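What the coordinates show
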Amino acid sequence: MDDLSQIIKISNADLHRGSNCVFQNFSLSINAGENTAIVGPNGSGKTTFLKCLARELYPTKGEVSILGKSRWHLSELRKHFGVVSLDLQQNFRPDTSGRSVVLSGFYSSLNTFGHQRFTDPQISQAEEISSELGIYQFRDTPFYKMSTGEQRRHLLARSLVHDPSVLVLDEPTTGLDLGVQLQYFNTVSRLIENGKTVVLVTHHLNEIPVELSRVILVKQGSIFADGPKELVLTDTNLSNLYERPVKVYQNQGRFHAISG
């Protein structure tokens, strides 16, 4: 039986991007219900970490297990583990209709194809999620004609068709205007309240929902700090992380950073 209580466990792993070893002897674990933000500057290893979680990269040394297993068939993993990434958004087939974007989540594909079959309950599930996220009206709209926010909500709907217990979100509000950002924040908060475990990868402190309790700072392929967000997101830590003066302040449970 899979261990669903430990959603991510990385043990003494070496992870490479091409010939570059991004993480060396790296260890990290995140448990179910431990909503976590991974924060770091460009080049810190966030993209490599995401590709590891999406099973696009495997360690050359050590072990990476997702929900208790080190090897998964991608379509099976997606039933438990939904990923919404900038990489996916940029590589999605541009002519795919909104309806097909959401339905493609059942096969972890970049479109729907003739050999794929969808049951009436699956179609109903996709339509219900699309309605909840306010994108049902785009069901016939090609992906390339959607705004960035509309694309992002379709990919979120795509990740939710299996009702996964874990969601991994990569810089979810990049390119979104303020109104859409707030809508996205509310959606993520609601998902957490409904029992989803969220792992957020970002370098924007304001993207971190109030409900996220743990923050991991990464720098140059290493964990720079790890713990409760109130203890980790400090002036000193952020200044050292980004190698420039940073002032951190809170407003209604959200963290923000300005030049120090």
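What comes next is a walk through the structure. Since the model is a prediction, treat every value here as computed from it, not as a measurement.

**Regarding the sheet that holds strand E3 (residues 36–39)**
- What the six strands build is an open sheet, ordered E5-E6-E7-E3-E8-E9; its pairing is mixed. Edge positions in the open sheet fall to strand E5 (81–84) and strand E9 (222–228), since each of these has one partner strand only. This sheet shows a mean twist of 15 degrees between the axes of neighbouring strands, independent of strand direction.
- Relative to strand E7 (residues 197–202), E3 runs parallel, the two sharing four bridges. When the bridges of E7 are listed, Thr-36 appears paired with Val-199.
- Running at roughly 145 degrees to E7, helix H1 (residues 46–53) makes contact with E3, E5, strand E6 (166–170), E7 and strand E8 (214–219) of the sheet.
- Across the face of the sheet, helix H7 (residues 178–193) comes into contact with E5, E6 and E7 while running at roughly 155 degrees to E6.

**Quick look at the side chain of Thr-96**
- In this structure, Thr-96 sits in the loop between helix H3 (86–91) and helix H4 (98–103).
- Reaching out from Thr-96, the side chain makes a polar contact with the backbone oxygen of Arg-93 at a distance of 3.0 Å.
- Separated by 3.4 Å, the side chain of Thr-96 and the backbone oxygen of Leu-110 make a polar contact.
- Those residues in contact with Thr-96 that lie beyond four places of it in its chain are Val-101, Leu-110, Asn-111, Thr-141, Pro-142 and Phe-143.

**Some points on the sheet that holds strand E2 (residues 20–31)**
- Judged by pairing direction, the sheet is antiparallel, and its three strands sit side by side in the order E2-E1-E4 without closing on themselves. If you trace the sheet from one side to the other, it starts and ends with E2 and strand E4 (61–66), each paired once. Each strand of the sheet is rotated relative to its neighbour by a mean of 20 degrees, with strand direction disregarded.
- As paired strands, strand E1 (residues 6–17) and E2 are joined by eight bridges and run antiparallel to one another. Note that in E2 the partner of Lys-9 across the bridge is Ser-29.
- Where H1 meets the sheet, it contacts E1, E2 and E4, and its direction lies at approximately 120 degrees from that of E1.

**Focus on the side chain of Ser-159**
- One can find Ser-159 in helix H6 (residues 148–160).
- Classification of Ser-159 as buried rests on a relative accessible area of 6%.
- Residues in contact with Ser-159, not counting those within four places in the same chain, are Gly-82, Val-83, Val-84, Pro-164 and Leu-167.

**Digging into empty space enclosed by the protein**
- Following the criterion strictly, the structure yields four cavities of 30 Å³ or more and no others.
- In terms of lining, the largest cavity is formed by Arg-78, Gly-82, Val-83, Gly-105, Ser-108, Arg-158, Ser-159 and His-162.
- Broken down by secondary-structure element, the contributors of at least two residues to the lining of the largest cavity are E5 and H6.
- Split into classes, the residues belonging to the lining of the largest cavity amount to one nonpolar, five polar and two charged.

**Section: the layout of surface pockets**
- Its boundaries defined by the atoms lining it, the largest pocket holds a volume of some 540 Å³.
- In terms of lining, the largest pocket is formed by 29 residues, of which the most central are Ala-54, Glu-56, Ser-85, Asp-87 and Leu-88.
- Elements with a contribution of two residues or more to the lining of the largest pocket: H1 and H3.
- Ranked by residues supplied to the lining of the largest pocket, first place goes to H1 with five residues.
- Counted by class, the lining of the largest pocket contains 10 nonpolar, 10 polar and nine charged residues.
- The volume enclosed by the second largest pocket comes to roughly 260 Å³.
- Around the second largest pocket, the lining residues are Gln-125, Glu-128, Ile-129, Glu-132, Leu-133, Leu-160, Asp-163, Thr-187, Arg-190, Leu-191, Asn-194 and Lys-196.
- For the lining of the second largest pocket, the elements supplying multiple residues, two or more each, are helix H5 (120–132) and H7.
- The dominant element in the lining of the second largest pocket, judged by the number of residues it contributes, is H5, at four residues.

Calculation criteria
Residues numbered from 1 in each chain as written. Predicted model: local features only at pLDDT ≥ 70, side-chain atom pairs only at ≥ 80, totals over all residues. Heavy atoms only, no water. Pairing = 2+ DSSP bridges. Helix = DSSP H or I, 4+ residues; strand = E, 2+ residues; numbered from the N terminus. Axes fitted to C-alpha atoms, helices over the stretch in contact; angles between N-to-C directions. Contact = heavy atoms within 4.5 Å. Polar contact = N/O pair within 3.5 Å; in protein donor to acceptor, adjacent residues only side chain to side chain. Buried < 20%, exposed > 50% of the residue type's maximum accessible area, 1.4 Å probe, protein only. 1 Å grid on protein atoms, 1.4 Å probe; cavity = no way out; pocket = protein on both sides within 12 Å on 5 of 7 lines; lining within 4 Å. Points joined across faces, edges and corners; volume = space filled by probe spheres on them. Nonpolar A, V, L, I, M, F, W, Y, C, P; charged D, E, K, R; others polar.

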